[in-house]
Amino acid sequence: MGAKDGAGTAVVVVNDSAAVLQVIERAASNKDVDIHKLEKLLDMQERIMNKNAEMAFNRDMALMQAQLPTITERGEIKVNDVVRSKYARFEDINEAVKPALQRHGFAINFKTDTTGGTVKVTGILTHREGHRETTDMTLPVDISGSKNPVQAIGSSVSYGKRYVMEALLNLTSRGQDDDAQSAMDAGEFGGFEQEIDAVETKAQAEALWKRIAAACKKSGDKEAYGSLKAKITKRANALKAAA
């Protein structure tokens, strides 16, 4: 099958599945075929199709990255009516990335789970060729302010969608998008961002995240948790793409 890159240059995707399919068709028409060999051929066909889908996903993701916009931060976090920090709102992120997603054959959707007193948001980035990538975030229900139970869950879901989408698409925003800035400035989580930047392997990322998650849980700071989760996920995705 063929496609074009952002410059209009033809990109050829090697697809061995057609050849394997022909072998399968010939084998299936043979009444004496060994059923176990046929199953192995079908397994091979599936592996080839999955590999081709992953290659197409990575190719179009690379093309799309150059076209994703920087998100303007319109959301505000206030303390005693004073703006403490700004962040990119989910609705702004969603509207800004839709054109690039559609142009390159991507769609993103979310699943939520509100059992156990927490909110788990899972983001699923799907490509038209069938490959998908997922990431998730589990948050406490946001009971800050005077929210009723429904509003509290809705707030956490929106928060989770924002950071999950940023992680999946490796987005950046204009200005400083860090709801946990006060904690960072105070040094409570000082050094974690630098450690994330220095991570070079998946094992290092997993070990570092265990330390970060434990520190965030101990402090109860879900804002720092979300910010650092998004950053380490972006780093892990970058390492995976470079491998």
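Thresholds applied
- Each chain has its residues counted from 1, following the order in which its sequence is written.
- Only residues with pLDDT of at least 70 are given local features in this predicted model, and only at 80 or more are side-chain atom pairs given and counted; all residues enter the totals for whole chains, interfaces and linings.
- To get the side-chain values, all heavy atoms of the structure are used, and hydrogens and water are removed first.
- Convention adopted: a line fitted to C-alpha atoms gives each axis, helices being fitted over their contacting stretch, and angles between N-to-C directions are expressed from 0 to 180 degrees.
- For helices the rule is a DSSP run of H or I covering at least 4 residues; for strands it is a run of E covering at least 2, with both sets numbered from the N terminus onward.
- Oblique is the label for any angle not under 35 degrees, not over 145, and not in the 65 to 115 range, which are roughly parallel, roughly antiparallel and roughly perpendicular in turn.
- Crossings are sorted by hand: turned counterclockwise from the far helix by less than a right angle, the near helix makes the crossing left-handed, and turned clockwise it makes it right-handed.
- Throughout, a residue-residue contact means that at least one pair of heavy atoms, one from each residue, lies within 4.5 Å.
- Only Asp, Glu, Lys and Arg are considered charged in this grouping, and only Ala, Val, Leu, Ile, Met, Phe, Trp, Tyr, Cys and Pro are considered nonpolar; every other residue, Gly among them, is considered polar.
- Burial classification: accessible surface area is computed with a 1.4 Å probe over protein chains only, and a residue below 20% of its type maximum counts as buried, one above 50% as exposed, and the rest as partly exposed.
- The length a helix should cover is 1.5 Å for every residue beyond the first.
- Strands qualify as paired when DSSP identifies two bridges or more between them.
- In the sections that follow, a salt bridge refers to a side-chain nitrogen of Lys or Arg positioned within 4 Å of a carboxyl oxygen of Asp or Glu.

How should the packing of helix α4 (residues 149–169) against helix α8 (residues 222–242) be read in this particular structure?
Between two packed helices, the angle of one axis relative to the other and the distance separating the axes together describe the packing. At a closest axis distance of 8 Å, the pairing of α4 and α8 adopts a crossing angle of 20°. Looking at the two axes, α4 sits roughly parallel to α8. Of the two possible hands of crossing, α4 and α8 adopt the one that is right-handed. Taken together, the residues of α8 that come into contact with α4 (itself represented by Tyr159, Tyr163, Glu166 and Ala167) are Lys222, Glu223, Gly226, Ser227, Ala230, Thr233, Lys234 and Asn237. Here the contact of α4 with α8 is built from residues that sort into 4 nonpolar, 4 polar and 4 charged.

Whenever I open this one, unusual backbone geometry confuses me. Can you help?
Keep in mind that most residues, glycine aside, have a negative phi and that most peptide bonds are trans. Phi at Asn170 is positive, roughly 55°, even though this residue is not glycine. Looking at where Asn170 falls in the secondary structure, it is placed in the loop between α4 and β9 (173–174).

What is the right way to read the environment of Ala152 from this model?
By the secondary structure assignment, Ala152 is in helix α4. Residue class for Ala152 comes out buried when judged on its relative accessible area of 3%. For the pair formed by Ala152 and Pro140, sequence separation is 12 residues and the distance between their alpha carbons is 9.5 Å.

Looking at this model, I keep getting lost on α8. Mind explaining?
For an α-helix, 3.6 residues make a turn, and residues three or four places apart therefore share a direction. Across its 21 residues, α8 extends 30 Å between first and last C-alpha, which sits within 8% of the 30 Å expected from 1.5 Å per residue. Within α8, the full set of buried residues consists of Lys222, Glu223, Ala224, Tyr225, Gly226, Ser227, Leu228, Lys229, Ala230, Ile232 and Thr233.

Any chance you could explain the pairing of strand β8 (residues 132–140) here in plain terms?
Both faces of the sheet carry side chains from a regular strand, because those side chains alternate between them. Summarising the sheet, strand β7 (residues 118–127) and β8 pair through 9 bridges and their orientation is antiparallel. Bridge assignment links Gly123 to a residue of β8, and that residue is Thr135.

Quick question: what am I supposed to make of the pattern of salt bridges here?
Under the defined criterion, the tally for this structure stands at 9 salt bridges. Beyond isolated ion pairs, a larger network of salt bridges with shared partners links Arg74, Arg89, Glu91 and Asp92.

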